[in-house]
Amino acid sequence: MPVSSQHKVYLPASARDNQYLLAEFVLSDELVARYPASSTDAPYLALYQALSQKLFELADQFGLRNVHLIANGKTPVVRFHQEAYVLQTAEQILFFYNPSYHEAQHSFYDAKVRARKISLLFLATEQPLRSNAAAFHQQVTTLLTELRNRLALAELKIKVRDHQHLTYDLFAKAKGSKESYGYKLRSIDARYKARQAELPAHSALTYVIVNLPLSRRLKEQVKLDLHSSSPYLPLYQHIADHFVSACQQEKLQHLAVLANGLLPLVRNSQFDKSSQGTELQMIGFDPSAKQGQLVSDLQGDKLVEMMQLIIFATPDDQTDMGYGRFMNEVESALRRFAKAVNLQPERDDLTVRFHQHISYHQ
């Protein structure tokens, strides 16, 4: 087999692609003072409206067609969908959209409340997304530079996060999706350099999140004592043990297993501490750690609809070609795991999401 083929992973042609940039800055007293309250009922309305207007004017100028201002402290979550939806919960704003078709400009804030920070969300719309990722990143950072100039805040620091992920069903072929496409899965930095887009010093994370719905067949594999204080723990531990064992056989040792009903957000533990809310769980991972890492949160007192299985990539998992070899190892581990817990490819979904993420201050 040619060396280049060993470093490619073949994903179904039905794999869904997403990219978005999130830019955040602290809302300073200086900026608030520029827009005095015109009403005691909505003291921050003028501020948020002015920021939104500046953002959307620049978005039009730079050809960015799906842009949002968030000033209510909620975390944006972006997913592919054939129909466009924006849903809010107590801690999240969920954006469902198809990059090929959907355009939008929205602001999310409470005019009575001063936000701690302003978040600007830019959703990619130029297909194919991976080929256009560098150009999209440059469009956004150029806009942010111009926005900083217009705000004229000397001390303004903007944190930029570039998120990209590929999502697919591991069993797509068994369900009739025969066509596949080979990916080298190069790092964001390498892809951008190839397109003459140099990134500043940044941190990077690469990882896989697997969504495992708990079907009746899975639940029936373990006899549960519903009178126990943690009746579902044996089920979760059964699944976790098979997952960890399958990964270790592929020498994948940086893992997380979650059965708590929360949405995991993966961050670099060198910069962000692990935390947990009522809907979200921030998991810190240190890519430079040489020893294996296992994060386990199995809340056996409640039955969840879905478990999340996470595999972190380390620098050793990246070759000059990219992360293709890593993903082949991930897929081998997942297929071994699926067989061990008796998943049925024709009926069961095992959703795999390959994440690449960089962050830096502009």
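Please refer to the structure higher up on the page.
Parameters at a glance
Residues numbered from 1 in each chain as written. Predicted model: local features only at pLDDT ≥ 70, side-chain atom pairs only at ≥ 80, totals over all residues. Heavy atoms only, no water. 1 Å grid on protein atoms, 1.4 Å probe; cavity = no way out; pocket = protein on both sides within 12 Å on 5 of 7 lines; lining within 4 Å. Points joined across faces, edges and corners; volume = space filled by probe spheres on them. Nonpolar A, V, L, I, M, F, W, Y, C, P; charged D, E, K, R; others polar. Axes fitted to C-alpha atoms, helices over the stretch in contact; angles between N-to-C directions. Helix = DSSP H or I, 4+ residues; strand = E, 2+ residues; numbered from the N terminus. Parallel < 35°, antiparallel > 145°, perpendicular 65-115°, else oblique. Left-handed = near helix turned anticlockwise from the far one by under 90°. Contact = heavy atoms within 4.5 Å. Expected span 1.5 Å × (residues − 1). Buried < 20%, exposed > 50% of the residue type's maximum accessible area, 1.4 Å probe, protein only. Arc of directions from axis to C-beta.

**Digging into the layout of surface pockets**
1) Next: There is about 1,200 Å³ of room inside the largest pocket.
2) Next: Taken together, 49 residues line the largest pocket, and the ones lying closest to its centre are T75, V77, L263, L265 and L280.
3) Next: Class assignment for the residues of the lining of the largest pocket results in 21 nonpolar, 15 polar and 13 charged.
4) Next: Reported here for the second largest pocket is a volume of approximately 520 Å³.
5) Next: In terms of lining residues, the second largest pocket is bounded by 22 residues, among which D17, P128, R130, Y181 and Y183 are the most central.

**Some points on the packing of helix α3 (residues 45–61) against helix α4 (residues 129–151)**
1) Next: Their axes nearest at 10 Å, the elements α3 and α4 cross at an angle of 140°. Here α4 runs oblique to α3, going by the angle between their axes. For the crossing formed where α3 meets α4, the hand is right-handed. Contact residues: L51, K54, L55, E57, L58, A59 and Q61 in α3; L143, E146, L147, R150 and L151 in α4.
2) Next: Grouping the constituent residues of the contact of α3 with α4 by class yields seven nonpolar, one polar and four charged.

**Quick notes on helix α7 (residues 233–249)**
1) Next: For α7, with 17 residues, the first-to-last C-alpha span of 24 Å sits near the 24 Å given by 1.5 Å per residue.
2) Next: Those residues of α7 that sit buried are L235, Y236, I239, A240, F243, V244, A246 and C247. On an axial view of α7, the arc spanned by its buried residues comes to 165°, and they lie on one face.
3) Next: Of the surrounding secondary structure, the elements contacted by the buried residues of α7 are β11 (203–213), α6 (216–219), β12 (254–259), β16 (293–298), β17 (306–312) and α8 (324–340).
4) Next: Downstream of α7 by a residue or two, K251 has a phi angle that is positive, lying close to 60°.

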